[in-house]
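Structural features, examined
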Amino acid sequence: MNFSDISYQRPNLAQYETRFDQTNQQFLAAPNYQAAKAALHELNHLRSTMAKNMKLAYIRHSIDTNDSFYRTENDFWDHHAPLVDQIHNRFYEALLSAPFRKELEEEFPATLFLFAEDQLRLLANSVIELKQQENEVVSQYTQLIASADLEFDGKKYTLATLSALFTEPKRSIREAAHAVYEEFFTANEQKFDELFDQLVKLRHQQAQKLGFENYVAYGDRLMNRWSYDRKQLSAFRQFIIDEVVPINQKLYQRQKERLGVETLLHYDLPLVYPTGNPQPQENGAELVQKAQAMYHELSSETGNFFDQMIQQDLMDLTNRSGKQSGGYCEFIDEVQMPFIFANFNGTSDDVDVLTHETGHAFQSYLSRWIDEPELIFPTSDTAEIHSMSMEFLVWPWMDKFFGTAHEKYTFTHLSSALQFLPYGALVDHFQEEVYLHPEWSAAERKSCWRKLEKIYCPERNYQASKALERGIYWYRQGHIFEVPFYYIDYTLAQVCALQFWQREIVEKDPTTWTDYLAICRIGGSKTFLETVALGNLASPFDRKQMTALLAAVDHYLAAIPETDLV
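Here's what I pulled together on the structure shown here.

When its secondary structure is counted, the protein chain shows 24 helices and 5 strands. In terms of overall size, the protein chain behaves like a compact globule, its C-alpha atoms giving a radius of gyration of 24 Å where 566 residues would be expected to give roughly 24 Å. Seen through its principal axes, the protein chain has C-alpha atoms that stretch 75 × 55 × 45 Å. Buried positions account for 61% of the 566 residues belonging to the protein chain. Considering only intrachain contacts with a sequence separation of at least 6, the fraction spanning at least 24 residues in the protein chain is 75%. Where the 52 positive side-chain charges of the protein chain centre and where its 80 negative ones centre are 3 Å apart.

Moving on: the packing of aromatic side chains. Each aromatic ring pair is specified by the distance between its two centres and by the angle formed by the two planes. Evaluated as defined, the whole model comprises 55 aromatic pairs. Between F27 and F91, the aromatic rings sit 6.1 Å apart at their centres with planes inclined by 55°, giving tilted as the arrangement. In this pair, F27 sits in helix 1 (residues 13-28) while F91 sits in helix 3 (residues 68-97), placing the two residues 64 residues apart along the sequence. With a centroid separation of 4.0 Å and 10° between ring planes, the pair formed by Y141 and F481 is classed as stacked. Taken together, the residues span a long stretch of sequence, with Y141 in helix 6 (residues 128-146) and F481 in helix 20 (residues 478-482) at a distance of 340 residues. On the accessibility criterion, F481 (0% relative accessible area) is buried. If you follow R121 out to its NZ or CZ, it ends over the ring of F212, 4.0 Å from the centre. Positioned above the aromatic ring of Y473, the side-chain terminus of R476 is 4.1 Å from the ring centre.

Spanning 16 residues, helix 24 (residues 543-558) covers 22 Å between terminal C-alpha atoms, matching the ideal 22 Å at 1.5 Å per step. On the buried face of helix 24, the contacting elements are helix 11 (230-259), helix 17 (406-436) and helix 21 (488-506).

Quick look at the sheet that holds strand 3 (residues 315-318) now. Pairing is mixed in the open sheet, where 3 strands are placed in the order 3-5-4. For this open sheet the edge positions go to strand 3 and strand 4 (328-332), each flanked by a neighbour on one side alone. Within this sheet the neighbouring strands show an average axis-to-axis angle of 15°, counted without direction. On top of the sheet, helix 2 (residues 33-63) reaches strand 3, strand 4 and strand 5 (337-344); it is set at about 145° to strand 4, its chief contact.

Attention now moves to the packing of helix 11 against helix 17. Closest axis-to-axis distance for the helix 11/helix 17 pair is 8 Å, and the angle between their directions is 135°. Taken together, the axes of helix 11 and helix 17 are oblique relative to one another. As helix 11 packs across helix 17, the resulting crossing turns out to be left-handed. Residues R230, R237, I240, V244, V245, I247, N248, L251, Y252, R254 and R258 of helix 11 form the contact with helix 17, whose participating residues are F411, S415, L418, Q419, L421, P422, A425, D428, H429 and E432. Residues belonging to the contact of helix 11 with helix 17 are distributed by class as follows: 11 nonpolar, 4 polar and 6 charged.

Scanning all chains against the criterion turns up 42 salt bridges. Across the pair R174 and D268 runs a salt bridge, and its minimum N-O distance is 2.6 Å. On the criterion of sequence distance, the pair formed by R174 in helix 8 (residues 171-187) and D268 in the loop between helix 11 and helix 12 (284-298) is long-range, its members being 94 residues apart. Overall, the relative accessible area of 2% leaves R174 in the buried class. A salt bridge links K400 to E297; the nearest nitrogen and oxygen atoms lie 3.4 Å apart. Here K400 is found in helix 16 (residues 398-402), whereas its partner E297 is found in helix 12, with 103 residues between them in sequence.

Quick look at the side chain of E330 now. With respect to the helices and strands, E330 occurs in strand 4. It turns out E330 is buried and unbridged, and the closest side chain with the opposite charge, K55, is 4.4 Å from it. Residue contacts for E330: discarding those within four places in its chain leaves K55, Y58, I59, M337, P338, F339 and F377.

Here the focus is the nonpolar core. If you look at the biggest cluster of nonpolar residues, it comprises 186 residues, and the most contacted ones within it are F27 and F362. For this core, the element with the highest residue contribution is helix 17, accounting for 14 residues. The contacts of F27, once residues within four sequence positions are left out, are A36, A39, L40, L43, A94, L95, A98 and L104. In this structure, Y252, V261, L269 and L271 belong to the second largest nonpolar core, which totals 6 residues.

The next thing to look at is the environment of L95. In this fold, L95 is placed in helix 3. Separated by 191 residues in the primary sequence, L95 and E286 place their C-alpha atoms 48 Å from one another. In this structure, L95 is in contact with F27, R101, L104, L112, F113 and A116, ignoring residues within four places of it in sequence.

This next bit is on the packing of helix 12 against helix 13 (residues 300-311). Helices that pack against each other are described as a pair by the angle of their axes relative to one another and the distance between those axes. Packing of helix 12 against helix 13 brings their axes to within 7 Å, and their N-to-C directions diverge by 155°. Judged by the inter-axis angle, helix 12 sits roughly antiparallel to helix 13. Between helix 12 and helix 13, the contacting residues are V288, A291, Q292, Y295, H296 and L298 on the first element and T302, G303, N304, F306, D307 and I310 on the second.

With 8 of 8 residues buried, strand 5 is to be regarded as a mostly interior element. The alternating pattern of strand 5 places M337, F339, F341 and N343 on one face and P338, I340, A342 and F344 on the opposite face, and all of these are buried. Bridge count for strand 3 against strand 5 is 3 bridges, and the pairing is parallel. When the bridges of strand 5 are listed, M315 appears paired with I340. Across 5 bridges, strand 4 lies against strand 5 in antiparallel orientation. Looking at the pairing, I332 lines up with M337 of strand 5. A loop of 4 residues connects strand 4 with strand 5, the two strands running antiparallel in sequence, and Q336 in this loop sits at a positive phi of about 55°.

Further remarks concern the side chain of N319. Within the secondary structure, N319 is located in the loop between strand 3 and strand 4. Judged by its relative accessible area of 15%, N319 falls in the buried class. For N319, the side chain forms a polar contact with the side chain of N343, separated by 2.8 Å. Setting aside residues up to four positions removed in sequence, N319 forms contacts with T158, A160, T161, N343 and F344.

Calculation notes
- Residues numbered from 1 in each chain as written.
- Predicted model: local features only at pLDDT ≥ 70, side-chain atom pairs only at ≥ 80, totals over all residues.
- Heavy atoms only, no water.
- Helix = DSSP H or I, 4+ residues; strand = E, 2+ residues; numbered from the N terminus.
- Rg over C-alpha atoms; globule rule 2.2 N^0.38 Å.
- Buried < 20%, exposed > 50% of the residue type's maximum accessible area, 1.4 Å probe, protein only.
- Contact = heavy atoms within 4.5 Å.
- Lys, Arg positive; Asp, Glu negative; His and termini not counted.
- Charge placed at Lys NZ, Arg CZ, Asp CG, Glu CD.
- Phe/Tyr/Trp six-rings, centres within 6.5 Å; stacked < 30°, edge-to-face > 60°.
- Lys NZ or Arg CZ within 6 Å of the ring centre and 35° of its normal.
- Expected span 1.5 Å × (residues − 1).
- Pairing = 2+ DSSP bridges.
- Axes fitted to C-alpha atoms, helices over the stretch in contact; angles between N-to-C directions.
- Parallel < 35°, antiparallel > 145°, perpendicular 65-115°, else oblique.
- Left-handed = near helix turned anticlockwise from the far one by under 90°.
- Nonpolar A, V, L, I, M, F, W, Y, C, P; charged D, E, K, R; others polar.
- Salt bridge = Lys/Arg side-chain N within 4 Å of Asp/Glu carboxyl O.
- Core = buried A, V, L, I, M, F, W, Y, C linked by side-chain atoms within 4.5 Å.
- Polar contact = N/O pair within 3.5 Å; in protein donor to acceptor, adjacent residues only side chain to side chain.

Here it is, written out as structure tokens:
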């Protein structure tokens, strides 16, 4: 079934609630375990159908935020999604109190019960209205970002397409493009501040009403951090400051010398090579065809999977006006297939986002056997292992995309993986401070961002931008507005992905792909650290192992002479 043929229907929530409650009662009152399982299967079917419609509305709205029908549907779900969650919480209550719970725990993953406990802790009638308001404000942010219609050198650009000019070899073009990009955020600075202020207050109120000390504790529960806590996250952030930031400064010094500039300014950072960063030789459909050939060579599983993605038109990759920014992957329950969303802009980011989101999509495809809709994708810390690792596992095919520049691409890609780690930790630290201080003014938040930015990303020289020096860079980071406390998950996953890189590229370990498949097939049936162990990876919280890993990456990069990067 093609994506365009998948039918969307706004549900009748009154009818749905009646049927759901009847089935839930059958589950609780089941005369035997088999009857309970049958009722549970029907509850999964009902929830999957509801999720399918909700996801379709989101995807089609994000593809074209100007589509009036799906904008209306998006508004509908902003208001009604918390009500649906409340209905589904009755199932979680039933699951945790079921007469056959012992038998259920022997057959179903422990994470299902952990998820149920979290959901019951995070939602109550007292916060429904606050959640509805939060959804509405997030949609306003998304709409604001998508509305960017920028003019540069007589042409129209979106934020995504203008960012392609950030790697222009001519410095004056880079500087001017950054200025136009930045102008969008400064022109809307008051609006961004107002939206975020609303979000902070709404989220703090939710946490307080549900008995949490603050939204930091709520946020970690929201992210289902079942095998570690915020103390460990704080220690991991400090590890990044101590071990990763110094390595990155060496990389930036090499970049400065390579570019031949006296001072590396903020608009120089995206340009790695003076003649321009490696760009894929093909764009759009041709790039996808290259990826299709690559995935057939990688494995039969990935080849068959990617064929289906193309045949069923389950990717929307072209950037255009009115399209939501960023990239994501959703799993559409009815067709049991994922959907990939991206915004190609003709840079190496196109290859990165395609392989990244394909990692997510491939994992969900291999986890289709799971009946529970909340367990097809794992928690985000685990999910990002699949996506970030896929970016490295396909390194042997990068010559297909970049030709003779493929070694320059892999150097840049590996460097950027290290350079991302402090930024990812910065976003988490910033949010922690913001939600510990919900009374802060907009100016205090910006000051906090810039103070932390100097610790995690000291290479960012904003002497050419008063606005960025004031601390507005974070406006462009959608996760801060849309999915708070998600971002640290990327850093945890990145060091896991670097281990797959080390095993596949450096050590030529023949078991690497087998272990990758193993963690893809289990969906969300195990916790983060259980999944890490299953993949024969070291825990991100094992400082000794992480120090050794970072030293290996540093050595690999340092061993590549500048003469190979010309």
